[in-house]
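# Inside the fold
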Amino acid sequence: MSSQQQRGVLLYAPPAAGKDTITAALAALDPSYRQFTRLKVGSGRTAGYRMGSQQQLEELRAAGAVIYENGRYDSTYVVDRPGLEDAFAAGVPVVHLGQVDGVRALIQGHPAQWLTVLLWCPREVTAVRSAGRGDSDTQTRLAAWDATLTDLQTNGDFRFDLVVHTDAVPPEQAAEQIRQALANREQQMVLLDFDDTLIDRLGAVTAWVAGYCAEHGLAAKVEQRMLDDMKIRADQATFEGMCAELRLPESAEQLWARYSTELATAVRPFPGVLDALDAVRARGWRVVIVTNGGGEIQRAKLEASGIAGRADAVCISEEAGARKPDRPIFETAAASVGRSLAQGGWMIGDNAELDIVGGREAGLRTIWISHGRPWPGGAEPDIIAETAVEAFALVRGGAR
């Protein structure tokens, strides 16, 4: 089974939040769910662990087979690659962790359809539960609860797929929520802007304008005015305005036809974008390009850049009858992959108003591609990334 077909659950929780109880409820719902038994090197509790030796741990480290390890309660707890591969072969592993770094390590170290779940209960509930089950080290577990809270606060950028308050939700209900969320996890959606997010449109337009003006001996001020008019949006109406005002040597129709053909062959994806798109889709995400513009030129650019075959759907404003930042184009984009905006997802783009404001108002999480620019102000996106490749890595890595 390939890694993108494997499914697993990562339960992050403080002590006594219900990891064991909810895992048992999951197994009762579907026997394919099985708790992953971490390797434990140390003394104390043995239930739920594979007990190992220090020599065994050193051998795993030397082989690069340790995905994550942490120390707690005078023991070392290990997620090892051989054990995890065996767990996936047997069913759907449920991994218990108490560190966000561990969750990140598993997501990055073993790509799969991971569902990240935060199980939470108040500190006083942990105290009552620990005492009620006869723990002799309740104070140590309360210290671990405090450490878990600090860990969450330190990693405030990490978004879990599901949060369950176990003091309010019965184990059986929590298990059903997890089972359903994992089924939905396979259909996560990311909407992507195209121009100047995935491809260097501005660079291509700048080069095209410079070449055209040099060819016809046009003045620098004409070149700058053309570039100003074409930076954000260029369609036949744009060329009609420029030809009338600047007295360009070709008609608007001729210039538009030439531009449409030549620009499509000149655009290039930003470095790493094609591989990053492949990686996102391999993780089960549904990818939709959402772009303002004319259908003919945008589709030509999508084909020429190699991006067309790396998206599940394309939503272009001229064809959709709506433009960003208006909600209808986002609704159409979601529907193109069988989803609704109510199911959530990401909008990633470089335009603060069209992509970020529009995406937020459509109920999506947002990532602004800065290309090194400062945020212009207003309601901020969920995340600011310098490039689309960085944004994809954050989404895949758990910034949900």
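Being a predicted model, the structure only gives us computed values, none of them experimental.

Each value, and the rule that gives it
- Residues numbered from 1 in each chain as written.
- Predicted model: local features only at pLDDT ≥ 70, side-chain atom pairs only at ≥ 80, totals over all residues.
- Heavy atoms only, no water.
- Helix = DSSP H or I, 4+ residues; strand = E, 2+ residues; numbered from the N terminus.
- Contact = heavy atoms within 4.5 Å.
- Areas by Shrake-Rupley, 256 points an atom, 1.4 Å probe, with all protein chains shown as cover.
- Lys, Arg positive; Asp, Glu negative; His and termini not counted.
- Charge placed at Lys NZ, Arg CZ, Asp CG, Glu CD.
- Salt bridge = Lys/Arg side-chain N within 4 Å of Asp/Glu carboxyl O.
- Buried < 20%, exposed > 50% of the residue type's maximum accessible area, 1.4 Å probe, protein only.
- Core = buried A, V, L, I, M, F, W, Y, C linked by side-chain atoms within 4.5 Å.
- Phe/Tyr/Trp six-rings, centres within 6.5 Å; stacked < 30°, edge-to-face > 60°.
- Arc of directions from axis to C-beta.
- Pairing = 2+ DSSP bridges.
- Axes fitted to C-alpha atoms, helices over the stretch in contact; angles between N-to-C directions.

## Description of the overall build of the protein chain
Per the secondary structure count, the protein chain includes 17 helices and 15 strands. Taken along its principal axes, the extent of the C-alpha atoms in the protein chain is 85 × 45 × 35 Å. When contacts within the protein chain are restricted to residue pairs at least 6 apart in sequence, long-range pairs at least 24 apart make up 66% of them. On the protein chain, roughly 17,300 Å² of surface is accessible, and the fraction owed to carbon and sulfur atoms is 49%. One way to put it: in the protein chain the 41 positive side-chain charges average out to a point 4 Å from where the 52 negative ones average out.

## Structural notes on the pattern of salt bridges
Inspection of the entire model under this criterion finds 25 salt bridges. We note a salt bridge from R61 to E58, for which the minimum N-O separation is 2.8 Å. Linking R61 with E58, this pair stays in helix 2 (residues 54-62), spanning three residues, or about one helical turn. Of the residues examined, R61 reaches a relative accessible area of 34% and is grouped as partly exposed. As a salt-bridge pair, D312 and R286 come within 3.7 Å of each other at their nearest N and O atoms. Highlighted residues: D312 in the loop between helix 13 (295-305) and strand 12 (313-316) and R286 in strand 11 (residues 286-291), separated in sequence by 26 residues. On the basis of relative accessible area, D312 is assigned to the partly exposed category, the value being 28%. Shared partners join several salt bridges into a network, and the residues in it are R133, D135, D137 and R141.

## Examining the side chain of D151
Take D151: it is sitting in helix 6 (residues 138-154). The class of D151 is buried, set by a relative accessible area of 16%.

## Some details on the nonpolar core
Within the largest apolar cluster, 47 residues are counted, with the highest numbers of intra-cluster contacts made by M226, M230, F239 and Y259. The element that contributes the greatest number of residues to this core is helix 8 (residues 201-216), accounting for six residues. Sequence-distant contacts of M230, defined by excluding residues within four places in its chain, comprise R201, V205, W208, V209, T238, F239, M242 and Y259. With 24 residues, the next largest nonpolar core counts L10, L84, V103 and L152 among its residues.

## Considering the packing of aromatic side chains
Taken as a whole and assessed by the stated rule, the structure comprises twelve aromatic pairs. Between Y12 and F160, the ring centres sit 5.3 Å apart and the planes meet at 40 degrees, which makes this aromatic pair tilted. Of this pair, Y12 sits in strand 1 (residues 7-12) while F160 is found in the loop between helix 6 and strand 9 (162-165), placing the two residues 148 residues apart along the sequence. Each member of the pair Y12 and F160 is classed as buried.

## As for helix 12 (residues 273-282)
Three or more residues of helix 12 are buried, namely V273, A276, L277 and V280. Mapping the buried residues of helix 12 onto a view down its axis gives an arc of 100 degrees, with all of them on the same face. Buried residues along helix 12 sit in contact with strand 10 (189-192), strand 11 and helix 17 (388-396).

## Some words on the sheet that holds strand 4 (residues 49-51)
If you walk across this open sheet you meet the four strands as 4-3-6-5, and the pairing is mixed. Either end of the sheet is taken by a strand with one partner, and the two such strands are strand 4 and strand 5 (66-72). On average, each strand axis in the sheet is tilted by 30 degrees relative to the strand beside it, whichever way the strands run. Bridge analysis of strand 5 against strand 6 (residues 75-80) gives six bridges, and the strand direction is antiparallel. In the strand pairing of strand 6, G71 is matched with T76. The strands touched by helix 4 (residues 100-109) within the sheet are strand 5 and strand 6, with strand 5 carrying the most contacts at an inclination of about 170 degrees.

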